Every structure is written in structure tokens, then in C-alpha cells.
Amino acid sequence: MTVVFQQLVNIIQLGSIYALLAIGFSLVYGISGLVNFAHGAIVMFGAYTIFFVSTMMYKITNATFVVFVVSLLVAAILSALVFVLIEKLAYKPLRNAPKVSVVVTSVGVGLILEYTMLNLFGAAAKRMPALFVNTNYDILGVKTTSVKLIVIAVSIITMIVLNLFIKKTKMGVALRAVSQDPVAANYMGISTDTITSVSFAIGAIIATIGAALYASTYPMIDPYIGDYINWCSFIAAVLGGVGSIAGAMLGGYLLGAINIIAPLALPVSSYKDIVAFGILIIALLIKPTGLLGKKINQKV
Amino acid sequence: MKKNKILLEILFFVIGLGICITLQATGIISSAKLLIVEYIGIYIIAVMGINIINGYLGIFAMSHAGIMAVGSYMAGLAGIYFFSSQSTFPLAILAGGLAATVIGMLIALSSFKVSGDYLAIITLGFTLIIKNIFQNWQFVGGANGLKPIPHNTTLVWVFIFVAFTFICMKRFVNSKYGRVLKAMRADSVASELMSVNLKKVKLVAFAFSSFFIGIAGGLLAHLLSYTNANSFGYSMIVDGMIMVYLGGIGSLTGSIVGATIWQILVNALRSIGTYRWILGGIILILVMIFMPKGLFGDKELTWESIKEFFARLKAGKKKKTAIDAPHEEDE
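Cut-offs and rules
- Residues numbered from 1 in each chain as written.
- Chains lettered and ligands numbered in written order.
- Predicted model: local features only at pLDDT ≥ 70, side-chain atom pairs only at ≥ 80, totals over all residues.
- Heavy atoms only, no water.
- Helix = DSSP H or I, 4+ residues; strand = E, 2+ residues; numbered from the N terminus.
- Rg over C-alpha atoms; globule rule 2.2 N^0.38 Å.
- Buried < 20%, exposed > 50% of the residue type's maximum accessible area, 1.4 Å probe, protein only.
- Areas by Shrake-Rupley, 256 points an atom, 1.4 Å probe, with all protein chains shown as cover.
- Phe/Tyr/Trp six-rings, centres within 6.5 Å; stacked < 30°, edge-to-face > 60°.
- Contact = heavy atoms within 4.5 Å.
- Buried area = accessible area lost by both parts, 1.4 Å probe.
- Salt bridge = Lys/Arg side-chain N within 4 Å of Asp/Glu carboxyl O.
- Polar contact = N/O pair within 3.5 Å; in protein donor to acceptor, adjacent residues only side chain to side chain.
- Nonpolar A, V, L, I, M, F, W, Y, C, P; charged D, E, K, R; others polar.

Q: I tried to follow the overall build of chain B on my own but got confused; where do I start?
A: Helix and strand counts for chain B stand at 14 helices and 0 strands. Listing each helix as α and each strand as β along chain B from the N terminus yields α-α-α-α-α-α-α-α-α-α-α-α-α-α. Radius of gyration (C-alpha) of chain B: 21 Å, near the 20 Å computed for a compact globule of 331 residues. Seen along its three principal axes, the alpha-carbon backbone of chain B occupies a region of about 75 × 55 × 45 Å. Each of the 331 residues in chain B was classed as buried or not, and the buried ones make up 53%. Just so you have it, chain B exposes about 15,400 Å², and 69% of that area is on carbon and sulfur atoms.

Shown next, in the form of C-alpha cells:
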């Protein structure tokens with residue numbers, strides 16, 4: 001029984017990270033309909049900023065909490081600015097272009113970000129300094145660490161705050177309106193341009209929080225981590241139903257569960273991708289619009 | 001007129017073949033440059049194949065890396081065990097193409113029910129599953145990849161395959177199926193009402209496209225003498241997409257230009273290091289902003305279009321000097 005709980009903690013931890021990454025992806029998708037291939041690159045950018053700020057901070061102070069909060073703040077603001085700038089420069093001219101051109105543009109943005117970081121800081125992996133105090137706990141036989149618990153707590157708090165923001169604030173209502181029908185929202189006096197920029201900024205902030213949690217779980221970061229994160233967030237978001245925040249959360253936790261359970265259940269752990277994607281394909285064949293996605297009625 | 005055209009095509013083929021043979025035999029250009037030309041040829045084949053699904057059919061698919069891997073491994077195995085000599089080498093490539101066709105049809109089955117970004121994920125899943133299988137399958141070398149595959153791909157063979165692919169593609173695109181593909185991209189419901197069998201067309205398009213992507217994979221394996229599943233991952237998916245959309249969705253000549261530009265950028269500009277990827281990204285964004293449909297859009301570069309272009313150029317010059325009122329109305 002303890003084994004089950006042990007793995008449950010692992011699933012929730014990994015799932016929380018995937019969920020955050022997927023939410024950032026899904027938010028942008030919901031507003032602008034963009035399959036954002038630069039999402040992983042933004043996460044990578046956030047991770048690098050956190051790395052540099054926290055290494056600098058540790059020279060001044062030893063308080064882990066202060067370092068975490070300050071580096072996260074700096075990284076979140078910086079990546080939000082960069083992402084909004086990218087949106088203005090690269091995506092905005094394509095507002096009326098075919099969807100695919102915007103996707104290809106995001107591929108280009110991802111390439112530029114990835115290789116700029118590579119040229120600035122080298123291809124060698126960097127070790128992220130510990131962002132949280134690590135102590136081991138033993139709760140009724142279930143071994144866990146404070147890092148795992150903090151990761152879970154931070155991500156759940158982020159999701160609750162985001163949910164409140166979207167449900168209760170004026171800006172959140174505007175976000176939902178644009179995601180539902182941009183043209184009608186525009187008629188109601190909502191500036192679609194502003195809202196799109198806001199969605200990119202929020203997406204980047206959530207991606208940065210995801211990056212912090214990802215890097216505290218897998219401390220080695222290099223310029224290429226974005227590629228893997230891209231697939232993860234893309235898959236989690238689509239599995240849940242693209243554009244739906246709740247769907248992205250569900251998809252993230254499911255992906256975490258698959259990633260933890262598949263190697264345990266299989267005789268050869270290196271086959272886990274086959275099982276994970278096999279399940280994904282079957283799930284989509286049964287429910288072609290994702291688990292929580294709405295059925296689209298095609299107009300003729 | 002039509003006879004003239006065919007003669008012209010044969011003339012081009014012979015001239016191209018002659019150039020390739022001289023390049024290969026005399027060693028005018030270094031072997032490194034020869035390799036780049038061979039890469040360009042191979043990717044032209046692959047990109048034309050990808051263009052059938054992503055361009056003409058308008059499905060945002062990411063399965064090409066997986067399909068290419070299948071073609072590459074199958075052609076490699078056939079080359080090692082059955083057709084190892086230079087003369088039987090096309091049969092090995094053909095085997096790769098056929099194996100890829102089977103996988104492509106399997107992927108097409110999932111496109112019957114799922115569409116849009118969900119289909120994109122399914123095709124991505126296929127690629128990653130195929131990659132994972134090859135990485136773990138000890139018979140084909142596992143994580144070390146398959147080697148040694150006989151090195152039989154030469155520039156002449158690449159040229160012959162490119163010409164073969166181009167002719168097949170041109171016939172296909174102008175055939176009944178090609179027109180139906182365009183109709184489906186424009187409006188799948190309307191074309192279904194026009195009694196188009198959507199499933200059959202998708203199956204044919206995927207099979208046809210996969211065959212050529214598989215051939216490109218096979219040629220690549222026989223060029224490098226090895227193949228490794230790792231090379232058919234993220235970068236191959238992204239590269240394939242870039243080349244198709246850069247050249248123009250729904251344009252064969254666009255595919256040729258897209259593949260050529262990108263391969264030159266990736267291979268010939270090694271001197272500027274990884275900065276070439278940044279340059280590539282910038283080019284990509286600029287092309288997409290100013291020409292959202294790619295360099296060629298859905299137009300083909302033909303003799304007629306070149307003539308028309310020059311005619312318009314002349315007309316434009318005339319307009320500047322002496323204003324021609326009826327001409328302006330035409331424009």
C-alpha cells in the first residue's frame with residue numbers, strides 16, 4: 001500500500017509540472033489559436049534566467065526562500081516582456097494570415113531563442129542551484145522530500161490563482177470572451193490586441209513557474225530542454241482538449257501518471273514512449289476532440 | 001505543342017544527368033560540396049512528399065520523420081541482406097519506399113476520425129513510437145543504429161530519383177486525385193457533397209506521399225552508410241515543416257526551392273557555426289510575415305509563369321513611361 005502512495009506522490013509531482021507547462025501552452029492557444037512551438041523555448045529562457053539570478057543571489061544571501069522568490073519574479077517579468085515583444089514583432093503582423101504560417105513563425109522564434117541562448121551560454125548543461133531546502137520526510141512509511149511537496153504546493157496555488165483571475169477579474173472575463181469569439185468580443189469594446197498580449201504575458205509567467213519547478217526536479221538545464229518540454233506541453237494540452245485550462249490540467253496529470261506507471265508496469269522500461277503514445281493515440285481515436293474538449297459543430 | 005513539351009523535359013533530364021555525371025566523375029567540386037548537393041536532392045524528394053499531405057491535403061501532420069525512419073531502416077536492411085551491389089541498389093530503395101507506404105496508410109486510417117491539431121498529435125505520436133521501437137530493437141542495432149549499409153547513393157542516382165519523383169508528383173497533382181486534394185483543402189464538406197470519397201482520397205494521398213518520403217529516407221541511409229533512429233526526432237520534424245512551408249504549400253517547384261534554400265543554409269554555412277540557425281529563424285519569420293503562404297504560395301514556377309512575369313515587368317516599365325489606360329484596368 002505504501003508503494004501505491006509513494007508513486008501517487010511522484011505522479012502528482014510530475015503531473016503538476018506537466019500541468020503548469022500545458023496550461024501556459026493552452027492559454028495562448030485558447031486566445032490566438034496558435035500551436036506555439038516557441039513555448040518550450042520560453043520555458044528554457046525562464047529556466048536560464050532563474051539559473052543566473054539565483055546563482056548571483058546565493059553569493060549575497062543564503063536564504064533559499066528569498067532567492068527563489070526574487071529569481072522567479074525577475075525571470076517571470078523578463079520572459080513575459082520577451083514573449084510580448086515576440087508577439088508584437090512576429091505574430092501580430094500575421095493576425096489575418098493562415099494558421100499554419102503563424103505556427104511556422106513560432107518554429108522560427110523557437111529556433112532563434114534556442115540558438116541565441118546556445119551561443120551566449122554554451123551547449124554544456126548547467127546545474128541549477130537548489131531553489132528549495134531539501135529535507136526528507138517519512139509520513140506513515142511514505143518517503144517524500146520537501147522539494148516534492150513544495151513543487152505540488154506551488155503548482156496548485158498557481159492554478160488556483162489563475163482560476164480566480166480568469167473567473168473573477170474583469171481582465172479574466174475579457175480573456176474568456178476573446179477566447180470564445182474574438183470578433184464579437186471586439187464589438188463589445190474589448191481590445192483583442194491587448195488581450196492577446198495579456199494572454200502571452202500570463203502564458204510566459206506560468207511557463208516560468210513551470211520552468212522553476214521543472215528545474216528543481218531535473219536540475220540539469222541546457223538549451224535543448226525546450227524541445228522535450230514542447231512535446232510534453234503540446235501532448236498534455238491536446239489530450240485534455242486544446243484551449244481548455246481544466247483540460248490542460250487533466251492532461252498534465254494523466255501524462256505524469258503514464259510516465260510514472262508505464263515503466264513500472266512494463267518489463268523493459270525503455271519502451272515507455274511506445275505505451276505512452278499508444279495510449280494517447282487510442283484516447284484520441286475514441287474521443288477525437290480531447291478529453292474535456294467541446295465538440296465542434298462544423299458549419300456548412 | 002505537347003510533343004514539344006515532352007521533348008523539352010527529356011532534354012532537361014539529359015542535360016541534368018550529364019551535369020551530374022561530370023560533377024561526380026571529374027571531381028570539379030570537392031566531395032564535401034558534392035555531399036551538400038546530394039543532401040539537397042534527397043530533401044527535395046522528401047519535401048515534395050511531405051507537401052502532398054501538409055500542403056495539398058492541408059493536414060498539419062508531423063509523421064514524416066517516422067515515415068522517413070521506416071524507409072531508411074527498411075532500405076538499409078534490404079541493402080545489407082539482399083541488394084548490396086550497385087546495380088540492385090534501386091530495389092533496396094524501393095523496398096524502403098514500400099515499407100513507408102504501409103506505415104503511411106496506417107497513419108491515414110487515424111485521419112478518418114480525428115482532425116486538426118488532434119490529428120497533429122496523433123501523427124507526432126506515430127513518429128515518436130516508431131523512433132522508440134527502432135531505438136530498442138536489437139536486430140536493427142538498437143541505440144547504436146543500423147550499420148554498415150553499403151554506400152551506394154551517388155549524385156547520379158539521386159538525380160534520377162529526383163526526376164522520377166518530380167514526374168510522378170506532377171502527374172499526380174494534375175490527376176483526378178490531385179484536383180480532389182485541392183478541393184478538399186478548400187472545403188472538405190462541399191467536396192464530400194460532390195461525391196468525393198474522403199477516406200479513399202486520404203488513404204491514397206498518404207500512401208503516395210509516404211512512398212516518396214520513404215525513398216528519401218532510403219537514399220539518406222545509403223548515402224551515409226548508417227542510419228540512426230535518433231536523427232528522426234524533433235529536428236527532422238521541424239526541418240521538414242520548415243522546408244515545406246518556406247517553399248510554399250501546394251507548389252512542387254516551391255518545395256524544390258524551399259529544400260534547396262534550407263539545405264544550403266544548414267549545410268553550406270557551417271562556417272558561421274550555430275548562428276546559421278538564428279539566421280534561419282529570422283528568414284523564416286520574415287518570409288512568413290511578408291509571404292504568409294510561403295515563397296511560391298500555391299503557384300508553380302513554369303515557363304508560362306516566367307514569361308508572364310517578364311511580360312508584366314515590361315508592361316510595368318511601359319506604364320511608367322507612357323501611361324496605357326486599358327492596361328491599368330487589366331491589372
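Following the structure, the description resumes.
Q: Would you explain the packing of aromatic side chains in this entry?
A: All names here are of chain A. Inspection of the entire model under this criterion finds 28 aromatic pairs over all chains. Here the aromatic rings of Tyr91 and Phe200 are separated by 5.6 Å at their centres, their planes lie at 45°, and the arrangement is tilted. Taken as a pair, Tyr91 in helix H3 (residues 64-91) and Phe200 in helix H8 (residues 192-217) lie far apart in primary sequence, 109 residues in all. Among the residues examined, Tyr91 registers a relative accessible area of 4% and is labelled buried.

Q: How do you make sense of the interface of chain B and chain A when you look at a structure like this?
A: By a widely used convention, the size of an interface equals the accessible area lost when the partners come together. The interface of chain B with chain A comprises 38 residues on the first partner and 49 residues on the second. Both sides of the chain B and chain A interface together cover about 3,900 Å² of buried area, and 78% of this is carbon and sulfur. Taken together, the links from chain B to chain A amount to 0 salt bridges. For the pair chain B and chain A, the number of links is 5 residue pairs in polar contact (both at pLDDT 80 or more). Those elements that place two or more of their residues in the side of chain B that touches chain A are helix H5 (116-136), helix H8 (188-193), helix H10 (234-247) and helix H12 (275-290) of chain B. Residue composition of the side of chain B that touches chain A, by class: 28 nonpolar, 7 polar and 3 charged.

Q: Sorry, what's going on with the environment of Ala19 of chain A here?
A: Along the chain, Ala19 of chain A turns up in helix H1 (residues 2-32). The residues contacting Ala19 of chain A, other than those within four sequence positions of it, are Met159, Ala248, Met249, Gly252 and Tyr253 of chain A.

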